Amino acid sequence: MHSDRIPETEADKIAFQQILESNHSVFSIQSIVIPFGTYGKLTSTELLTMYLEYIRQSTLGLIQPEKSSDGIIFRLNWTDAAVIKFSPELFAEDGNSQKTTLCISGGVLVQPKECYRGQLDFIVESATGGIRATLKLSDYCPLILGSSQPSAWRRWLYRLTQAYLHKIVTIRFLAMVYRKTTGKRLTKNIVRISVRRGKNT
């Protein structure tokens, strides 16, 4: 159902890659295998629900995910400012794989001309020894980069700010999912993988 092949990794390691592709859109993927017998049935929609609550808690309420029939908005608390907006979630299932997709539809972190480009996928699928939970951000065009031909200083600014925060948040989120589903803590078990070609960020 999703064509990006993730290399096999040990169940207690979070695999990740975060790059700028040739068109300077962002591709970011984080994944972990949850061993069989440690949890009931994790679904992609449940993974999304856990993520929205984690964003609220990890930002101490500064970012408030709001879900409605129009989609999902990450709103800056006490303001009307939408950090990022998504269209209503799309669900797909194929055999032993589920995917819930949020398509980007605007927000202050997105380049104005690319508001309807990019998506965030929550994927749950069978893997060797367990269930693989994956977050994948693709075709995203951050405002910080400015355009499809960003300057070197813009690339570095993005790398040191938004890219770093996204990587840390998603890795810590999957560590929390692993702890919640297995009762065990992960301690810096992170491995870099190669899924697509591009410049590390």
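Cut-offs and rules
- Residues numbered from 1 in each chain as written.
- Predicted model: local features only at pLDDT ≥ 70, side-chain atom pairs only at ≥ 80, totals over all residues.
- Heavy atoms only, no water.
- Salt bridge = Lys/Arg side-chain N within 4 Å of Asp/Glu carboxyl O.
- Helix = DSSP H or I, 4+ residues; strand = E, 2+ residues; numbered from the N terminus.
- Buried < 20%, exposed > 50% of the residue type's maximum accessible area, 1.4 Å probe, protein only.
- Axes fitted to C-alpha atoms, helices over the stretch in contact; angles between N-to-C directions.
- Parallel < 35°, antiparallel > 145°, perpendicular 65-115°, else oblique.
- Left-handed = near helix turned anticlockwise from the far one by under 90°.
- Contact = heavy atoms within 4.5 Å.
- Nonpolar A, V, L, I, M, F, W, Y, C, P; charged D, E, K, R; others polar.
- Expected span 1.5 Å × (residues − 1).
- Bend = angle between axes of the 7 residues up to and from the residue.

(A) Quick peek at the pattern of salt bridges. Tallied over the full model, the rule gives 5 salt bridges. Measuring nitrogen to oxygen at the nearest pair gives 2.9 Å for the salt bridge that ties Glu-53 to Arg-56. Taken as a pair, Glu-53 and Arg-56 lie in helix α1 (residues 44-58) at a separation of 3 residues, close to a single helical turn. Under the relative-accessibility criterion, Arg-56 is labelled partly exposed at 25%. The residue Glu-114 makes a salt bridge to Arg-117 at a minimum N-O spacing of 3.7 Å.

(B) Molecular detail of the packing of α1 against helix α2 (residues 152-182). Between α1 and α2, the least distance of the axes is 11 Å, while the angle of their chain directions is 120°. Taken together, the axes of α1 and α2 are oblique relative to one another. In this structure, α1 meets α2 at a crossing whose hand is right-handed. Of α2, the residues touching α1 (which contributes Leu-47, Met-50, Tyr-51, Tyr-54 and Ile-55) are Val-169, Arg-172, Phe-173, Met-176, Val-177 and Lys-180. Here the residues of the contact of α1 with α2 sort into 9 nonpolar, no polar and 2 charged.

(C) Region of interest: α2. Along its 31 residues, α2 runs 42 Å from first to last C-alpha, staying within 8% of the 45 Å computed at 1.5 Å per residue. Roughly 40° is the biggest bend found in α2, and it falls at Arg-159. Once α2 finishes, Gly-183 follows within two positions and takes phi at roughly 80°, a positive value.

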